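# Structure assessment
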Amino acid sequence: MATWTFVVEFEGGTYCSQFRAETLQDAISQYNTCDPSEQGAVPLDADATELTGLKNIFCTGGLAEDGAPVMVANIVKTEISE
């Protein structure tokens with residue numbers, strides 16, 4: 001199981017959190033369940049794009065809520081030995 005680190009930019013704030021999950025979609029679902037930013041959820045869709053030339057780093061964005069400002073989420077998949 002991987003650790004997924006979220007760095008979410010929204011309305012001038014940066015919100016960082018980590019979740020353990022098998023897939024990117026599962027990690028986003030976990031993030032959205034507790035929404036640490038308290039500003040709106042990360043879009044759960046196929047638009048999360050792996051960044052060119054990098055491995056296990058994704059970026060997605062969109063409107064946090066209907067009519068809300070744009071948010072950007074950078075998501076990093078890592079294996080952490082404990």
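Note that the coordinates shown come from a computational prediction; the quantities given were computed from them, not determined experimentally.

Of all residues in the chain, 78% have pLDDT values of 70 or greater, and the mean over the chain is 80. The secondary structure element of the chain with the lowest average pLDDT is strand 3 (residues 49-50), at 74, and the one with the highest is strand 2 (residues 13-21), at 90.

Bringing the pairing of strand 1 (residues 2-10) into the picture now. Most of strand 1 sits inside the fold, with seven of its nine residues counted as buried. Sheet analysis places strand 1 next to strand 2, joined by nine bridges and oriented antiparallel. Of the residues in strand 2, the one forming a bridge with Trp4 is Phe19. Taken together, strand 1 and the strand that follows it, strand 2, pair antiparallel across an intervening segment of two residues, in which Glu11 is found at a positive phi of about 45°. Here strand 1 runs beside strand 5 (residues 70-78); their pairing, made up of eight bridges, is antiparallel. Its bridge partner lying in strand 5, Val8 is registered against Ala73.

The next subject is helix 1 (residues 24-34). Inspection of helix 1 places Leu24, Ala27, Ile28 and Tyr31 among the buried residues, and these make up the whole buried set. Looking straight down helix 1, one finds that the buried residues subtend no more than 100° of arc, so they occupy a single side. Looking one or two residues beyond helix 1, the residue adopting positive phi is Asp35, at roughly 35°.

Before going further, it helps to examine the environment of Asp26. With respect to the helices, strands and loops of the structure, Asp26 is situated in helix 1. Taking C-alpha positions, Asp26 is 9.8 Å from Trp4, a pair spaced 22 residues apart along the chain.

Cut-offs used in this document
Residues numbered from 1 in each chain as written. Predicted model: local features only at pLDDT ≥ 70, side-chain atom pairs only at ≥ 80, totals over all residues. Heavy atoms only, no water. pLDDT = per-residue confidence, 0-100. Helix = DSSP H or I, 4+ residues; strand = E, 2+ residues; numbered from the N terminus. Buried < 20%, exposed > 50% of the residue type's maximum accessible area, 1.4 Å probe, protein only. Pairing = 2+ DSSP bridges. Arc of directions from axis to C-beta.

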